Every structure is written in C-alpha cells, then in structure tokens.
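One letter stands for each residue in the lines below.
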Amino acid sequence: QFPFGRRLPCDIYWHGVSFHENDIFSGQVNKFPGMTEVVRKITLSRAVRTMQDLFPLEYNFYPRSWILPEEFPLFVAEVRMMKDSDPSWKPTFIVKPDGGCQGDGIYLIKDPSDIRLTGSIQSRPAVVQEYICKPLLVDKLKFDIRLYVLLKSLEPLEIYIAKDGLSRFCTEPYQEPTLKNLHQVFMHLTNYSLNVHSGNFIHSDNVNTGSKRTFSSILCRLSSQGADVKKLWSDIISLVIKTIIALTPELKVYYQSDIPAGKPGPTCFQILGFDILLMKNLKPMLLEVNANPSMRIEHEQELSPGVFENVPSPVDEEVKVAVIRDTLRLVDPQKKKR
Ligand code: ADP
C-alpha cells in the first residue's frame, strides 16, 4: 500500500476509488478515467437513451427514464399522453437521485405530481423511471443480480463477464405497488445496505439460502423448473455488451484527454458492477452500473448491543475472490508476453 504514491514503476496499479493520474507512465491501472462520471444515473440514462433513439429494439432492456428537473414537463406530458391512449395503464415510477447509491433518497410514486420538486430536486438532480412492477420472485421475494464485468480494454473493446454473481433479496414478500405499500422499502428495494437492517434479513451460511445468494444457485433452481437458462445468459451478455457500447464514446473522450495517444501512460482496465433485475418473463433489465463495486467479503455482526465484529461471508467470498483472481490472471503482464 502506497498512500503517498510510489516512485518505482509497477506492473499493475490498484486504485481504491477512481482513476487519478499520480504520474503513472507505464503498466496497467484498474480504473478508467471518467468511469465514475459516465456511469452516474443521469449520464447512463442519457447514453442509453441516445442508443434507444437509434436502435429502439436493441436497447429495450432499460426502463423508460426522464432526467429531473429539466425533463419534468416532458415526463408529465408523455405520461398524460400514454394514459390517454391506454386508460388501463396504471404505472408506478421510481425516483432516484443522481450520484446516489445504496437506495439513498429513492422513492416510488404513482403520479408525476407526487415528485418532490421542492428544494432537494432543484439542488439534487435525479432520474425518474418506469418501475418494473412484475419482477421474477423467488420464495415470494423480489431480488436483483449483481454481475461483475471486466472491461479489459476500450480499444479494441474487450469485455469479460464473471460466470457467477450475487443475488440480493428483499426481506418482505413482494406485492405489486399500491398507494398503501409504495413506502415499504424492504418489499420494493433490493439494496443489501437497506435490507440488512430488517429483522428478516438472513446472513447466508451457504450459497443457496438467505438474503444474499449466488446467481448460479438461482439459475440452478430456474433450470430445474424448466426455464431456458441458456437464453437468459445470452440476453444478459447482450445487455452488458450493448450497455458498454453505449458508454464507449464518452469513455474514449476522457481516455484521450487524460492519456493522450503518443504520450507515455498506463493502459486501463476496470471491474464494473452491473445491477440487473429479472422480469417475471425472465427478461433481464438494466438497473444501474457501478464503477466501484464493493469487494468486501465480510459482514458486520452485532455480538452484543453496540459491539460489532467482522465475520466472513461465504457467498461474497465465493463470488468476489474468483472475480479478482480471474481479473489478475487476465491482465497478468507475464501472460501477455507469452
Ligand atoms: P442505488 O444506486 O441507490 O442502489 P438503484 O438504481 O440500484 O439505486 O435502485 C435501488 C433498488 O431499487 C434496486 O436495487 C432495485 O431493487 C430497485 N429498482 C431500481 N430501479 C427499478 C425499476 N425501474 N423497477 C423496479 N425496481 C427498481
């Protein structure tokens, strides 16, 4: 660990949070310049929307979204239009502050007029998007998938997807959104950081039970129920590739400005966390991309009131150790020479 930088060159630099130059002239860095900015909720929505306009069918894996506050009038007008053309349409929307994480500041609404436009939204822009009302349930619970994706190179584009990921479960049985249950975060939001505070949260001691399981254990279960798991994987792979393609133009601008061609500099790679929700019909939908996914393999346990201890989390360990190990193997300079 070199908190104040290091003079001798390294083969691989592992930055904690984001790319910062630090006079690196060779080797590889585990972050791309600008990645944090590019995957923020608003920038991601914009990038995907551009592609949706060009290729609507190819990019139908991202919920319809509007950027607040600037697109609020458009949001109101489009929802009114859609309601007029289909009076049976009873949508729900989810409002997510830009740059937020861990479910922070997120809320559900039934009508555009329920948006809290005063104060916070002016100072804190957000994305409002169509809420996916019919997610796939396991044990009556909503869950999402965290997949780890290695962007190994931007030019040429090289993408690797880890074969296993995490499934993070809600802790209250799911019901489709109604005015009465809109506020129940343990029913609607799958964030670990929220659900861990529910009395129903179960720390898993193996990979296929509890509130955090491996994605492979879910696939096993779906496959035993006759689901077409191969098709699901192929849809997920295509979602990941298309999302990265949507982000590529802006990433290249950052790259060329921070590491101009012809000047000595490092090459970059990055592990991204893709959050994906499966709909009831097994269609994967992109929720968000995380530039700095947590690599913790422990969780806190309260031994006695106020006294905490870190204990190993077998599910996190199974998935994340493999992700880091395989990433290092893929970027291993010795292997490159060979
Ligand atoms: P954060 O960065 O705060 O975790 P997310 O975009 O991941 O924000 O949303 C938090 C949670 O809300 C997700 O894990 C998911 O459970 C739920 N969620 C987000 N967007 C949708 C959506 N469009 N439809 C249904 N559920 C959603």
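Further up the page is the structure itself.
Keep in mind the model is a prediction, meaning the values are calculated, not measured.

Can you walk me through the side chain of R146 in this structure?
For R146, the position within the fold is in strand β8 (residues 141-153). If sequence neighbours within four positions are ignored, R146 has contacts with G165, L166, R168, G273, F274, D275, N290, P293 and S294.

Looking at this structure, I do not really get empty space enclosed by the protein. What am I missing?
Over the atoms, a rolling probe the size of a water molecule traces out where space has been left empty. Within this structure, the stated rule accounts for three cavities of 30 Å³ or more. By volume, the largest cavity amounts to about 80 Å³. Forming the boundary of the largest cavity are Y192, F201, I202, H203, S204, K212, H299, S313, P314, V315 and D316. Per element, the largest residue contribution to the lining of the largest cavity is three residues, and it comes from helix α9 (residues 314-331). The class makeup of the residues in the lining of the largest cavity is five nonpolar, four polar and two charged. Size it by volume and the second largest cavity reaches roughly 50 Å³. Every element with two or more residues in the lining of the second largest cavity is listed here: α2 (41-54), β6 (126-130) and β14 (284-290). Partitioning the lining of the second largest cavity into residue classes produces four nonpolar, one polar and three charged.

Is there a simple way to think about the side chain of T171 in this case?
If you trace the backbone, T171 turns up in the loop between β10 (166-169) and α5 (185-188). Judged by its relative accessible area of 6%, T171 is buried. Here the side chain of T171 touches S198 through a polar contact of 3.2 Å, side chain to side chain. Excluding its chain neighbours within four sequence positions, the residues that come into contact with T171 are L141, F186, N195, S198, N200, F201 and S211.

What am I meant to see in the sheet that holds strand β5 (residues 107-109) here?
Each strand in a sheet pairs with another by means of backbone hydrogen bonds, the pair being arranged parallel or else antiparallel. The four strands are arranged β3-β6-β4-β5 in an open sheet whose pairing can be described as antiparallel. Two strands lie at the open edges of the sheet, namely β3 (65-68) and β5, each paired on one side alone. Taking each pair of neighbouring strands and ignoring which way they run, the sheet shows an average axis angle of 25 degrees. With five bridges joining them, strand β4 (residues 93-97) and β6 adopt antiparallel strand pairing. Paired with P97 across the two strands is A126, which belongs to β6. Contacting β3, β4 and β6, α2 runs over the sheet at an angle of about 135 degrees to β3. In this fold helix α3 (residues 72-85) packs onto β3, β4 and β6, with an angle of close to 150 degrees to the strand it touches most, β3.

Could you clarify how one ought to interpret the sheet that holds strand β2 (residues 28-29) in this entry?
With respect to topology, three strands assemble into an open sheet ordered β1-β2-β12, the strand pairing being parallel. The sheet terminates laterally at β1 (12-13) and β12 (267-268), the two strands that pair on one side only.

Before we go on, may I ask you to explain the packing of aromatic side chains in this structure?
Within a pair of aromatic rings, the relevant descriptors are the distance that separates the centres and the angle that separates the planes. Applying the stated criterion across every chain, the model contains 10 aromatic pairs. Ring centres of F143 and F169 lie 5.1 Å apart, and the angle between their planes is 20 degrees; on these two criteria the pair is classed as stacked. In this pair, F143 is assigned in strand β8 and F169 in strand β10, connecting sequence segments 26 residues apart. F143 sits in the buried class, given a relative accessible area of 1%. For F169, a relative accessible area of 1% puts it in the buried group. The rings of W66, F75, W89 and F93 are connected pair by pair, giving a single aromatic cluster. Cation over ring: K212 sits above Y192, and NZ or CZ is 4.2 Å from the ring centre. Looking at R213, its charged tip hangs above the ring of F169, at a distance of 4.2 Å from the centre.

Conventions and cut-offs
Residues numbered from 1 in each chain as written. Predicted model: local features only at pLDDT ≥ 70, side-chain atom pairs only at ≥ 80, totals over all residues. Heavy atoms only, no water. Helix = DSSP H or I, 4+ residues; strand = E, 2+ residues; numbered from the N terminus. Contact = heavy atoms within 4.5 Å. 1 Å grid on protein atoms, 1.4 Å probe; cavity = no way out; pocket = protein on both sides within 12 Å on 5 of 7 lines; lining within 4 Å. Points joined across faces, edges and corners; volume = space filled by probe spheres on them. Nonpolar A, V, L, I, M, F, W, Y, C, P; charged D, E, K, R; others polar. Buried < 20%, exposed > 50% of the residue type's maximum accessible area, 1.4 Å probe, protein only. Polar contact = N/O pair within 3.5 Å; in protein donor to acceptor, adjacent residues only side chain to side chain. Pairing = 2+ DSSP bridges. Axes fitted to C-alpha atoms, helices over the stretch in contact; angles between N-to-C directions. Phe/Tyr/Trp six-rings, centres within 6.5 Å; stacked < 30°, edge-to-face > 60°. Lys NZ or Arg CZ within 6 Å of the ring centre and 35° of its normal.

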